[in-house]
Every structure is written in structure tokens, then in C-alpha cells.
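# Coordinate inspection notes
Take a look at the letters that make up each chain.
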Amino acid sequence: MLDRWTTGWLKGGLECGAKWLNKRGVSADQVTLAGFLVGMLAIPALAMGWYLTALALILINRIADGLDGALARIKVTTDAGGFLDIVLDFIFYSGVVVGFGLADPAVNGLPAAVLIFSFVGTGASFLAYAIMAERRGLVNITYPHKGFYYLGGLAEGTETILFFVAICLFPAAFPVMAWCFAVLCFLTTATRVWGGYKTLSESEGYGEE
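Note that the coordinates shown come from a computational prediction; the quantities given were computed from them, not determined experimentally. (Residues numbered from 1 in each chain as written. Predicted model: local features only at pLDDT ≥ 70, side-chain atom pairs only at ≥ 80, totals over all residues. Heavy atoms only, no water.)

We now examine the packing of helix H4 (residues 51–74) against helix H5 (residues 79–103). Here H4 crosses H5 at 170°, and the two axes come no closer than 12 Å. Our classification of the angle between H4 and H5 gives roughly antiparallel. Residues Tyr-51, Ile-58, Asn-61, Arg-62, Asp-65 and Asp-68 of H4 form the contact with H5, whose participating residues are Asp-85, Asp-89, Phe-92, Tyr-93, Val-96, Phe-100 and Ala-103. Residues of the contact of H4 with H5, tallied by class, amount to seven nonpolar, one polar and five charged. (Axes fitted to C-alpha atoms, helices over the stretch in contact; angles between N-to-C directions. Helix = DSSP H or I, 4+ residues; strand = E, 2+ residues; numbered from the N terminus. Parallel < 35°, antiparallel > 145°, perpendicular 65-115°, else oblique. Contact = heavy atoms within 4.5 Å. Nonpolar A, V, L, I, M, F, W, Y, C, P; charged D, E, K, R; others polar.)

Before going further, it helps to examine the packing of H5 against helix H6 (residues 105–136). Closest axis-to-axis distance for the H5/H6 pair is 7 Å, and the angle between their directions is 165°. For the element pair H5 / H6, the angle class is roughly antiparallel. Considering only the axes of H5 and H6, their crossing is right-handed. Between H5 and H6, the contacting residues are Ile-86, Phe-90, Tyr-93, Ser-94, Val-97, Val-98, Phe-100, Gly-101, Leu-102 and Ala-103 on the first element and Pro-105, Asn-108, Ala-112, Leu-115, Ile-116, Phe-119, Gly-123, Phe-126 and Leu-127 on the second. (Left-handed = near helix turned anticlockwise from the far one by under 90°.)

Turning our attention to the nonpolar core. Within the largest apolar cluster, 26 residues are counted, with the highest numbers of intra-cluster contacts made by Leu-115 and Phe-164. For this core, the secondary structure elements donating two or more residues are helix H3 (42–47), H4, H5, H6, helix H7 (157–169) and helix H8 (174–204). If sequence neighbours within four positions are ignored, Leu-115 has contacts with Val-97, Phe-163, Ala-178, Phe-181 and Ala-182. Residues Leu-21, Val-31, Ala-64 and Ala-72 belong to the second largest nonpolar core, which totals nine residues. (Core = buried A, V, L, I, M, F, W, Y, C linked by side-chain atoms within 4.5 Å. Buried < 20%, exposed > 50% of the residue type's maximum accessible area, 1.4 Å probe, protein only.)

Let us now look at the packing of aromatic side chains. Scanning the model with the defined rule gives 11 aromatic pairs in all. Taking the centre distance of 5.7 Å and the plane angle of 25° together, the rings of Tyr-51 and Phe-100 count as stacked. Separated by 49 residues along the polypeptide, Tyr-51 in helix H4 and Phe-100 in helix H5 bring together distant segments of the chain. For Phe-100, a relative accessible area of 0% puts it in the buried group. An angle of 50° between the planes, with centres 5.9 Å apart, marks the rings of Phe-92 and Tyr-93 as tilted. On the basis of relative accessible area, Phe-92 is assigned to the buried category, the value being 1%. Counting every residue linked through ring pairs, the aromatic cluster contains Phe-90, Phe-92, Tyr-93, Phe-119, Phe-126, Phe-163, Phe-164 and Phe-181. (Phe/Tyr/Trp six-rings, centres within 6.5 Å; stacked < 30°, edge-to-face > 60°.)

What follows is the structure in C-alpha cells.
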């Protein structure tokens, strides 16, 4: 929901960083992989209760996620790079939640499991619609910088980052915040399913199969 504004605010800084990396021969895929590996270190950090360390690792991952896209646009965007980026993003998102589950299984286990379940819905609706939109040649107007055309929702990238920051700063509140964010993800999934079906049906010229 907030992505359309935050991308504009961050665009200048990301482009400067991408130009610096480009001059040094760094590729977008290298940034994607490096950011993912750093982000994965947040899982053991969270499991051991090192929440501020985990927060730093999460933020580095998210900065890398912005830089790889800006770097790809300087050179050339590729389907392979877009695929790698989105797959590793979803693994990272779920990994952070797993880290909190490991930190206190008795208290965080159930909320973490439900939250990951909600992530499956947002991820599946995101990718399924992207595939169908590509087949129909639908053009992404709202997010032209994205490698995939997808429907927005209440819980997108910016909201997820803010949620991660909040649970790292206030880890004792993870169960409550996880339940609340899961509800947002479920609502996002529902609106994407409805909106995606409606949009694709209209592009086919009928409302039912």
C-alpha cells in the first residue's frame, strides 16, 4: 500500500549507489545473492535473541534488494535476475519469521506458523497473477520499476519492512504483532484473488469460465 510512495523517496539514493557499484563491475545478481546471504544470517541471530544485530542484517538485505533493481536498470533487466530476486525475497521473509519462532517456540511458535501461512497466500497470489498478466500482455502502470506485474494490497514490501523493524525493536510483542500482520496478509490475499480474477476475466471478455 505504501510502496508507490516509498519507491519515489528512495529512488535517488538507490540510483547513486547503483552507479557506484556499476563502475566497479558489480552485477545485479551478485548484489541479490550477497543481500540474501546477509539476510539469512538474521535467522540464527533472532534464534539467539540478538534482535538489534538481526535488525541490522535485515536492513542490509532490504537495501541490497533496492540496489539490485536499480543496478539492473542501469545495465539490462533480465527474466533470470527478476526470478532470482523475487524467489530469494520470499525465502528471506519467511526466514525472519522462522527466526522468531526459534527464539521462543512456546510463545512464538503458533503466531509464526500462522504468519508464514499468510505469506503463502500473498506470495501465491502475487506470482500467479504475474504469470497470467504476462500472458495477456498487461502493462504495469503503478509500479513500472518492478520486474513483475502484480496487484497491490494492504501488506506489501514497505509494510513488511516496517513490521520487521517493529518486531526486532519490541520482540516481546511478536505474538500480537504477528497475528495483526497475518490478518493484513489474509486481507491482501483476498483482495488480490478477487481483483486478479476480475481483471483477467475482463481481459478475456467474460466473467466466468
